[in-house]
Amino acid sequence: MDTNLISSLIDEKVFGVWFLIGAALVFWMQAGFAMVECGFARAKNAGNIIMKNLMDFCIGTVVFIAIGFGLFLGEDMLMGFMGKPNIDIFANYATFDWSNFVFNLVFCATTATIVSGAMAERTRFLSYCVYSAVISAVIYPIEAHWTWGGGWLATMGFHDFAGSNCIHMVGGISALIGAAILGPRIGKFVKDKKGKITKVNAFPGHNIPMGALGVFILWLGWYGFNGAACTDMSQLGSVFVTTTIAPAIATVVCMIFTWIKYGKPDVSMCLNASLAGLVAITAPCDVTDALGATIIGAVSGVLVVFGVWFLDNVIRVDDPVGAVAVHMFNGIWGTIAVGLFATNTAPAYAIADAAGNEMVGLFYGGGFKLLGIQTVGMLATAAWTAVTITITFLIIKAIFGLRASEEEELTGLDVTEHGLASAYSGFSLMDVSGAMMEENENTDLGTPDYNEASEAQKNAAVKVSVAPELDTGMHKVVIIAKLSRYDKLRKAMNDLGVTGMTVTQVMGCGIQKGAGEKYRGVEVDATLLPKIKVEVVVSKIPVDKVIEKAKEVLYTGHIGDGKIFVYNVGKVVKIRTGEEDYAALQDVE
């Protein structure tokens, strides 16, 4: 037998198996999307987010079986506009293309789940399920048919190897329109009396490590996302290289850019940048080289930061996870990048126009032809998506209502939509936003330098305000201070002779000017800060000395140094011995 034939048969079988492994990796990306969205949102909505991501795939499977697969890969009709709906999966199962069905199903579910993040924390669950069904049944299958089902864009020579355009841009546009119609989360934008937005508030994600885990899961899955359709080892190897270079470069560029722009490298933005690089390289991954992937990634690293800023500060659309910046902006960029960086030095290169003439990118000597075709395909897909998803959301809003009520949003969708008291049962969580105390007429910002403080400020001791006949000589001193000062305070109290204390880590809010921390480019209000609460009861040691020593070690001159409260203690009983009052305080419990 011909050795070339044998090799060809082996390759066919091997890549047939790899095709399905790639599909499984893409399915596993649903977990990544769930983790990213959940980690970047607030804890009170974690269960709702998990449920949405689960139902994206499950509802998507149902409608893809019923109609979506036929519209996508059925017999071409209406001059390449759509495939012919069919029930071949039931009528002709013995000869059905099972692998192709599963492969395209998992891609369909990816498109739907992109929208979840941008509409997180304020969308009615029923309405989201209806949206998920529509995009998986009709919107995605029809536009995907244009490119991958033998439709009109495919005959032009439009190239989108794995979905920068058909999946990510479509999901990103849907996310933008959905979030815009839905409106921002309560407290995201602060308005003055005239209704003008004067401030953008940051809502930091409740679990950045979870978000990071999601990014790593997605990056792993992306090797299947981009590589599953490869048909030989050289092409697969090249795709793996470009799929690695682009996100890595994007992340490094984003780190440097945010470090310069915001003073510190932004963690969540860099995680988004990894995904942005992956999105952008998805269309050209098989037709570009290492240099092209490097440039594509570098642009993505800046574009994702611009996208987040643009939504917050220009069009005022609230996107909790950066889905629009990652998927829409970089989906567009990746689609256009094919027309700039496609090179026939890439293995298995196969971009040709309707007449069969090979086309390469502008920067590789191909002129504007391929770039023009990519632009037409991108604009046509964007127009289809914008019109159909707008109609979909407006109909859903009219029939079911799109947004959760104010009470439901503030309480959290876990409990109001799913009856789930907490996604973190057994853990103590504080999930409060907007608790920033404002400066008012009773606020005294104090002296910033200890040396400039008056002698009265330095030497003043809080006098116990109590009627002399009620003063028992025992006092409870409660000190609330910065967590970072606890060790100094503990040692000072020990040196003073205090033999026991009760220590609690608490959270507090107040006026904390000038912190300057930023989350995704937006300054974070110091809403709830970690504090330490130390309680001591003294009798033998003068209370004034406890106060003075505490002031000495806690003073920095900055707002947030803390407070000292002194209470008269009427009675103390030591349970073990029955000793009372002064005697009960004379040793360590």
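Quick summary incoming for the structure in this document. Just so you know, these numbers come straight off a predicted model, no measurement behind them.

1. Focus: the pattern of salt bridges
Here is step 1: The full count for this structure, using the stated rule, is 15 salt bridges.
Here is step 2: In this structure, D561 and K482 form a salt bridge, with 3.8 Å as the shortest nitrogen-oxygen distance. Of this pair, D561 sits in the loop between α18 (543-554) and β10 (562-568) while K482 sits in strand β5 (residues 475-482), placing them 79 residues apart in sequence.
Here is step 3: A residue is classified by how much of its surface remains accessible, and D561, at 14% relative accessible area, is buried.
Here is step 4: Residues D487 and R490 are paired through a salt bridge, measuring 2.8 Å at the closest nitrogen-oxygen approach. Linking D487 with R490, this pair stays in helix α17 (residues 486-496), spanning three residues, or about one helical turn.
Here is step 5: The partly exposed category is assigned to D487, whose relative accessible area is 36%.
Here is step 6: Judged by its relative accessible area of 32%, R490 is partly exposed.
Here is step 7: The network of salt bridges with shared partners includes R42, E121, R185 and D318.

2. Things to note about empty space enclosed by the protein
Here is step 1: For the coordinates displayed, the defined rule picks out three cavities of 30 Å³ or more.
Here is step 2: Estimates place the volume of the largest cavity at around 150 Å³.
Here is step 3: Forming the boundary of the largest cavity are 16 residues, of which K188, D312, D319, P320 and R520 lie nearest the centre.
Here is step 4: No other element matches the four residues that helix α11 (residues 290-313) contributes to the lining of the largest cavity.
Here is step 5: Within the lining of the largest cavity, the residues separate by chemical class into eight nonpolar, two polar and six charged.
Here is step 6: Here the second largest cavity is characterised by a volume of approximately 130 Å³.
Here is step 7: Contributing to the lining of the second largest cavity are 14 residues, with F33, V36, V321, A323 and H327 lying nearest its centre.
Here is step 8: Class assignment of the residues belonging to the lining of the second largest cavity gives a composition of seven nonpolar, six polar and one charged.

3. Thoughts on the environment of Y131
Here is step 1: Its place among the elements puts Y131 in helix α5 (residues 125-148).
Here is step 2: Dropping the residues within four chain positions of it, Y131 is found in contact with T111, A112, V115, I389, F393 and I396.

4. Thoughts on the packing of aromatic side chains
Here is step 1: Counted by the stated rule, this structure contains 26 aromatic pairs.
Here is step 2: Judged by centre distance (5.8 Å) and plane angle (70 degrees), the rings of F64 and F69 are edge-to-face. We note that F64, like F69, is buried.
Here is step 3: In this structure, K52 packs its charged tip against the face of Y128, placed 5.0 Å from the ring centre.

5. Quick notes on the environment of G500
Here is step 1: For G500, the location among the structural elements is in the loop between α17 and β6 (502-508).
Here is step 2: Since its relative accessible area comes to 39%, G500 is described here as partly exposed.
Here is step 3: With 10 residues separating them along the chain, G500 and R490 place their C-alpha atoms 10.0 Å apart.

6. Structural notes on the packing of helix α9 (residues 233-262) against α11
Here is step 1: Where α9 contacts α11, the axes come no closer than 7 Å and their chain directions differ by 40 degrees. α9 and α11 meet at a crossing whose hand is right-handed. Taking contact as the criterion, the partners of T242, I245, A246, I249, A250, V253, C254, F257, T258 and Y262 in α9 are, on α11, A290, A293, T294, G297, A298, S300, G301, V302, V304 and V305.
Here is step 2: Tallied by class, residues from the contact of α9 with α11 come to 14 nonpolar, six polar and no charged.

7. Section: the state of the cysteines
Here is step 1: Counting across every chain of the model gives zero disulfides.
Here is step 2: Distance from the sulfur of C230, which forms no disulfide, to the nearest cysteine sulfur (C285) is 6.7 Å.
Here is step 3: Taking relative accessible area as the criterion, C230 reaches 2% and is therefore assigned buried.

8. Points about the side chain of S164
Here is step 1: Topologically, S164 is positioned in helix α7 (residues 164-182).
Here is step 2: Look at S164 and you get buried, because its relative accessible area is 0%.
Here is step 3: Reaching out from S164, the side chain makes a polar contact with the backbone oxygen of V279 at a distance of 2.6 Å.
Here is step 4: The contacts of S164, once residues within four sequence positions are left out, are M169, V279, A280, I281, T282, A283, P284, G331, G334 and T335.

Rules of the game
Residues numbered from 1 in each chain as written. Predicted model: local features only at pLDDT ≥ 70, side-chain atom pairs only at ≥ 80, totals over all residues. Heavy atoms only, no water. Salt bridge = Lys/Arg side-chain N within 4 Å of Asp/Glu carboxyl O. Helix = DSSP H or I, 4+ residues; strand = E, 2+ residues; numbered from the N terminus. Buried < 20%, exposed > 50% of the residue type's maximum accessible area, 1.4 Å probe, protein only. 1 Å grid on protein atoms, 1.4 Å probe; cavity = no way out; pocket = protein on both sides within 12 Å on 5 of 7 lines; lining within 4 Å. Points joined across faces, edges and corners; volume = space filled by probe spheres on them. Nonpolar A, V, L, I, M, F, W, Y, C, P; charged D, E, K, R; others polar. Contact = heavy atoms within 4.5 Å. Phe/Tyr/Trp six-rings, centres within 6.5 Å; stacked < 30°, edge-to-face > 60°. Lys NZ or Arg CZ within 6 Å of the ring centre and 35° of its normal. Axes fitted to C-alpha atoms, helices over the stretch in contact; angles between N-to-C directions. Left-handed = near helix turned anticlockwise from the far one by under 90°. Disulfide = S-S within 2.5 Å. Polar contact = N/O pair within 3.5 Å; in protein donor to acceptor, adjacent residues only side chain to side chain.

Purely geometric stuff here, so don't read any function into it on its own.
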